[in-house]
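# Structural characterization, general
Listed below are the residues making up each chain.
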Amino acid sequence: MNRKPSIGKPVGIALAASLCATLTALVLAGPALAQNEQFIPALVYRTGPYAPNGVPLSNGAADYYKLVNARDGGINGVRIVTEECEFGYATDRGVECYERLKHNGPTGAAYVNPQSTGVTFALTDRAAADKIPVVSPGYGRSESRDGSVFHWNFPLLGTYWTAADIILQHIAKLEGGFDKLKGKRIALVYHDSPYGKEPIALLQKRAEKHGFETMLLPVTHPGIEQKSTWLQVRQNRPDYVLLWGWGVMNSAAIKEAVAVGYPREKMYGVWWSGAEPDVRPADEGAKGYNAVALQHTAGQFKLHEDLKKYVYDKGQGSAQWDQTGEVLYVRGLITAMLGIEAIRTAQAKFGNKPLTGEQVRWGYENLNLPADRIKQLGFEGVLRPIKVSCDDHEGAHTGRIQTWDGQNWKITSDWYVSDDSLIAPMVKEAAARYAAEKKIVTGCL
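Note that this is a predicted model, so its numbers are computed, not measured. (Residues numbered from 1 in each chain as written. Predicted model: local features only at pLDDT ≥ 70, side-chain atom pairs only at ≥ 80, totals over all residues. Heavy atoms only, no water.)

## What to know about the overall build of the chain
Across its full length, the chain carries 16 helices and 14 strands. Against the 2.2 N^0.38 benchmark of 22 Å for 445 residues, the chain shows a C-alpha radius of gyration of 21 Å, consistent with a compact globule. Overall, the C-alpha framework of the chain stretches about 65 × 50 × 45 Å when taken along its three principal axes. In the chain, which comprises 445 residues, the share counted as buried stands at 59%. Relative to all contacts within the chain whose residues are 6 or more apart in sequence, the contacts with residues 24 or more apart total 72%. When the 50 positive and 47 negative side-chain charges of the chain are each reduced to one mean point, those points stand 2 Å apart. (Helix = DSSP H or I, 4+ residues; strand = E, 2+ residues; numbered from the N terminus. Rg over C-alpha atoms; globule rule 2.2 N^0.38 Å. Buried < 20%, exposed > 50% of the residue type's maximum accessible area, 1.4 Å probe, protein only. Contact = heavy atoms within 4.5 Å. Lys, Arg positive; Asp, Glu negative; His and termini not counted. Charge placed at Lys NZ, Arg CZ, Asp CG, Glu CD.)

Structure representation (structure tokens):
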């Protein structure tokens, strides 16, 4: 993405690239303009084995920032400036990107969206000390929804415990109730990383309660080689397979399922395993594969009218126009919108000016998007109401199942709400352990 006066240029890890980007920013942004800019860092992976998924996600976010600047003149007159840092989905490089960018702009980073559960784990303590919100929509630490402990973490729209519970509710419904799961075997094929391990606690809790057996099948980064994993699937024939993959791992898993004759209709991916790059490489073999949707599925909607008028018709788009309705591009739009609305919420308290991360944290914790506001923003039919509080940094616990029909994603279930009678105690217990370990003074800020 080429640098525009208000949208940053991608930078690599090399020091020379960093210096070049800094000098470019100094040339393009005058002192007066720079004082009325809100800086938002962008940690991206446009290269490597996770690029097929990382690129559309980053494109959607970048285009939403461009839209707000072009259509609205920024957030109540404060222009958005963002700068990309390529980290290749490597945790150490992601932390390095954060450290490099966190002080940029007149007030520092408004928030950071790491786009990686591993980086989210690594930044949880660091960002709290820096007073910069760590926003992880649909990913991150499941227990971080407890804002009385994780003051600076915001796993908006859904945690991995929410995702796993919705999938299990759907499977139970198909089987005729949770009691019908007794004696069945449910496998988890997962990326062997903090991300992939997140749903295990929820699966084990449900298994203990309902009497089904779990099979845990880790896949080593980057997930291209899975033959031994799927040999175990063929030998044990689990009743269902849950897929917690990312990047090339997902399409590789579907191809291996085809090779061993495991029915794709019995496979359910998390929302990071339910996008076009995950299924298209498998061609017809992916037909019937399912994934939980992070509320939204694929498709263009009302917002796209403005996106075309103010961004794409002017040749400023980050993607091809026909890609702007794809799942991960849409998710990028959504995550950027949530960040802008958190800043807007905070401005109502602190003034229409560039805000600090500490002020934006308040905006996230008080974010409230009812149906009428979602419609006004152009996201009607895409999202349900979202309301964040100190007790609930997740803000929404709903999802649906989508199925790949060979050409497109189709919603194939009603809405599900994760079972808080099960999850809330898990959150409190895990958050309390973390607070004790880190000696955190609990309570709302």
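The discussion continues.
## A few points about the pattern of salt bridges
Evaluation of the coordinates by the stated rule reveals 29 salt bridges. Salt-bridge contacts for arginine 145 lead to aspartate 420; the nearest nitrogen and oxygen are separated by 2.9 Å. Residue arginine 145 is located in the loop between β3 (134-135) and β4 (153-154), and its partner aspartate 420 is located in helix α16 (residues 420-438); the two are separated by 275 residues in the primary sequence. According to the relative accessible area criterion, arginine 145 is buried, its value standing at 7%. When its relative accessible area of 31% is taken as the criterion, aspartate 420 is described as partly exposed. Here lysine 180 and aspartate 179 are joined by a salt bridge, their closest N and O atoms 3.2 Å apart. One continuous salt-bridge network, built from bridges that share partners, spans Glu99, Lys102, Arg126 and Asp130. (Salt bridge = Lys/Arg side-chain N within 4 Å of Asp/Glu carboxyl O.)

## Looking at the state of the cysteines
One pass over the structure, following the stated rule, counts 2 disulfides. One disulfide in the model links cysteine 85 with cysteine 97; its S-S distance is 2.1 Å. Disulfide cysteine 85-cysteine 97: torsion about the S-S bond near -70 degrees, hence left-handed. Pair noted here: cysteine 85 is in strand β2 (residues 79-86) and cysteine 97 is in helix α4 (residues 91-101), with a separation of 12 residues, a long-range link. Exposure class is identical for cysteine 85 and cysteine 97. Each is buried. The partner cysteine of cysteine 390 in its disulfide is cysteine 444, sulfur to sulfur 2.1 Å. (Disulfide = S-S within 2.5 Å.)

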